Number of protein chains: 2
Amino acid sequence: MSTQHINQLDHCPRPLRADAERNRTKILDAAARVFAERGLDATLDEVAAAAGVGVGTVYRRFADKETLIGALFDNGVDEIAELASRAHEMSNSWEGLVWFLEQALERQCANRGLREVVAESSYAEVRLDDAKRRIVPALGRLVERAQCDGYVRDDVVTTDFAIFEMMISSLGNKTSSVAPELWRRYLRIILDGIVVARQRPSVLDTVPDDAIMGEVLRSAHRLARRAH
Amino acid sequence: MSTQHINQLDHCPRPLRADAERNRTKILDAAARVFAERGLDATLDEVAAAAGVGVGTVYRRFADKETLIGALFDNGVDEIAELASRAHEMSNSWEGLVWFLEQALERQCANRGLREVVAESSYAEVRLDDAKRRIVPALGRLVERAQCDGYVRDDVVTTDFAIFEMMISSLGNKTSSVAPELWRRYLRIILDGIVVARQRPSVLDTVPDDAIMGEVLRSAHRLARRAH
DNA sequence: AAATAAACGGAATGAATATCTCCACATAAC
DNA sequence: GTTATGTGGAGATATTCATTCCGTTTATTT
């Protein structure tokens, strides 16, 4: 209503009370942990509990769940877009491409929330959507360069890589609690599938032993079951 | 209670009334369609509507959702286990392995319900579980044979193939409405990644044009969003 | 053409599960 | 000590399903 009020919103809102600021941080930290582990379907009640505050406190600081998610993953998505640019500056195009995939997947496999924000579009916020739109074209430039240089076979296409990321990161999320680095194995195999020619396969990380691999399959199952 | 009653259950239950039998078939058909398209989360109300009957009718014929799903996918899972055996009888071990993967994926990519029954364990019924337990060992024999014959690199492992199936079929489900055969492309690429040596990549199906590939990414998103 | 047992439809029930609001009470700031 | 701010968490509200119930309809039998 008042001019003063407008100024507060637009310019220099009165700083939060000390305890409120402290709580805001606790909430963001907790939300980061909870969404990373459980994905965006996690309840704000869970977040509040993890932060050691009441739900009401969460809602006073963030208008709703979507806003919180926006505040939380804004950086993350942006960073991925950024990585693609940085990869483009690396001198070897193949190494650049692989480096980008590894960096992006490292983040998305360890963070289910981030993956869901990037790969699925639940809770698409404007700023997030904006950052996301930069990823595919940047990836495209990486791929094309690696093809021109004769590293990547010509019959693959930018979208293929987006799909590799979807496939691998969704697996990564499912197995991250049991074998957090397993996704690298499947990235390696897929990369071996898209290089122009190879005499020998590249070296895979050693397989986790059978007990763990069994657990991997089972953990994928269990995660799906949690939906109900 | 009565002997007569027990006999009805165990031996030759009085046949259903003609209309009831007709409806039972309509329900099974509809359920097959609905679960194939929408997955096991589809409501029995949806199934009933698709069958053109009331929910009550569904429940008179099938004790509950799980029973219906069991009746519906029993064959499907069994058939996949069967395919693995048949593949083992093919003379060329590589062709056998590829043939099995293609056959199994063909079924699972076109049928989201079947995929969920095999890959996830929601609604695990006893008989289904039983059939499922046969798949991995059978697959294992296929893989080992192809490795002995020098087709498949030695550093991959049976579980890897189970994971390939998970990755590809989940993608296949997501894209089946837009590009129903696209999964073959990624199977090809992964296979190129796990052969012992290759000079040239194998031939990929032509990529759907950009418009469709864009739609593919978007459809993956949209499907995820439906969860909320 | 009754009479009867079987089957039907679909509104209603009840159990989860979520998001978001409200307000009596607490506490930082001055 | 006063006051503007902030807090907790019970509950209002909504949604979504599986499953049940019962008044009505229909096939079958006689």
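Our structure's up above, just so we're on the same page.
Below is a summary of the structure that appears in this document. (Residues numbered from 1 in each chain as written. Chains lettered and ligands numbered in written order. Predicted model: local features only at pLDDT ≥ 70, side-chain atom pairs only at ≥ 80, totals over all residues. Heavy atoms only, no water.)

### Looking at the protein's contact with DNA strand C
At step 1: Contacts to DNA strand C come from 23 residues, most closely from Lys65 of chain A together with Arg14, Arg17, Asn23 and Thr57 of chain B.
At step 2: For DNA strand C, the fraction of atoms within 4 Å of the protein that belong to sugar or phosphate moieties is 67%.
At step 3: With respect to DNA strand C, the side chain of Tyr59 of chain A contributes an N or O atom lying 3.2 Å from a phosphate oxygen.
At step 4: Between DNA strand C and the protein, one listed contact pairs a phosphate oxygen with a side-chain N or O atom of Lys65 of chain A at 2.7 Å.
At step 5: For the surface near DNA strand C, the secondary structure elements donating two or more residues are helix 2 (18-38) and helix 3 (44-51) of chain A together with helix 2 (18-38) and helix 4 (55-61) of chain B.
At step 6: Sort the elements by how many residues they give to the surface near DNA strand C and helix 4 of chain B lands first, with 5 residues. (Near = heavy atom within 4 Å. Polar contact = N/O pair within 3.5 Å; in protein donor to acceptor, adjacent residues only side chain to side chain. Helix = DSSP H or I, 4+ residues; strand = E, 2+ residues; numbered from the N terminus.)

### Regarding the interface of chain B and chain A
At step 1: At the interface, 46 residues of chain B touch 46 residues of chain A.
At step 2: Roughly 4000 Å² is buried in total at the junction of chain B and chain A, and carbon and sulfur atoms are behind 62% of that figure.
At step 3: The interface formed by chain B and chain A includes 4 salt bridges.
At step 4: Between Asp160 of chain A and Arg185 of chain B there is a salt bridge, with the nearest N and O atoms lying 2.7 Å from each other.
At step 5: Our count for the chain B to chain A interface comes out at 16 residue pairs in polar contact (both at pLDDT 80 or more).
At step 6: Counting only elements with at least two residues in the side of chain B that touches chain A, the list comes to helix 7 (112-119), helix 9 (158-175), helix 10 (183-194) and helix 11 (210-225) of chain B.
At step 7: Among the elements that make up the side of chain B that touches chain A, the one with the highest residue count is helix 9 of chain B (9 residues).
At step 8: Here the side of chain B that touches chain A is built from residues that sort into 27 nonpolar, 8 polar and 11 charged. (Contact = heavy atoms within 4.5 Å. Buried area = accessible area lost by both parts, 1.4 Å probe. Salt bridge = Lys/Arg side-chain N within 4 Å of Asp/Glu carboxyl O. Nonpolar A, V, L, I, M, F, W, Y, C, P; charged D, E, K, R; others polar.)

### Considerations on the nonpolar core
Where a protein is soluble and globular, its nonpolar side chains tend to be buried together.
At step 1: Phe35, Phe100 and Phe161 of chain A together with Phe35, Phe100 and Phe161 of chain B are the most contacted members of the largest nonpolar core, which has 140 residues in total.
At step 2: Phe100 of chain B has contacts with Ile80, Leu83, Ala84, Ala87, Leu139, Leu142 and Glu165 of chain B, leaving out every residue within four places of it along the chain. (Core = buried A, V, L, I, M, F, W, Y, C linked by side-chain atoms within 4.5 Å. Buried < 20%, exposed > 50% of the residue type's maximum accessible area, 1.4 Å probe, protein only.)

### What to know about the pattern of salt bridges
Charged atoms that come close allow side chains of opposite charge to pair.
All names here are of chain A.
At step 1: Overall, the coordinates contain 28 salt bridges over all chains when judged by the stated rule.
At step 2: One salt bridge connects Glu21 with Arg24, and the closest N-O pair in it is separated by 3.8 Å. Taken as a pair, Glu21 and Arg24 lie in helix 2 at a separation of 3 residues, close to a single helical turn.

### Focus on the protein's contact with DNA strand D
At step 1: Around DNA strand D sit 24 residues, and of these Arg14, Arg17, Asn23, Thr57 and Arg60 of chain A come closest.
At step 2: Among atoms of DNA strand D positioned within 4 Å of the protein, sugar and phosphate together represent 69%.
At step 3: Gly54 of chain A places a polar main-chain atom, nitrogen or oxygen, 3.0 Å from a phosphate oxygen of DNA strand D.
At step 4: Between Lys65 of chain B and DNA strand D, the recorded distance is 2.5 Å, taken from a side-chain N or O atom to a phosphate oxygen.
At step 5: Breaking the surface near DNA strand D down by element, the ones donating at least two residues are helix 2 and helix 4 (55-61) of chain A together with helix 2, helix 3 (44-51) and helix 4 of chain B.
At step 6: Ranked by residue count, the leading element in the surface near DNA strand D is helix 4 of chain A, at 5 residues.
At step 7: Here the surface near DNA strand D is built from residues that sort into 8 nonpolar, 6 polar and 10 charged.

### A closer look at the packing of aromatic side chains
Geometry of an aromatic ring pair is reported as the spacing of the ring centres plus the angle between the planes.
At step 1: The final tally for this structure, using the stated rule, is 6 aromatic pairs over all chains.
At step 2: Residues Tyr186 of chain A and Phe164 of chain B carry aromatic rings whose centres are separated by 5.8 Å and whose planes lie at 90° to one another, so their mutual orientation is edge-to-face. Of the two residues, Tyr186 of chain A is situated in helix 10 (residues 183-194) and Phe164 of chain B in helix 9; the pairing between them involves two chains.
At step 3: For Tyr186 of chain A, a relative accessible area of 0% corresponds to the buried category.
At step 4: Relative to Tyr151 of chain B, the ring of Trp94 of chain B has its centre 6.4 Å away and its plane inclined at 35°; by these criteria the two rings are tilted. (Phe/Tyr/Trp six-rings, centres within 6.5 Å; stacked < 30°, edge-to-face > 60°.)

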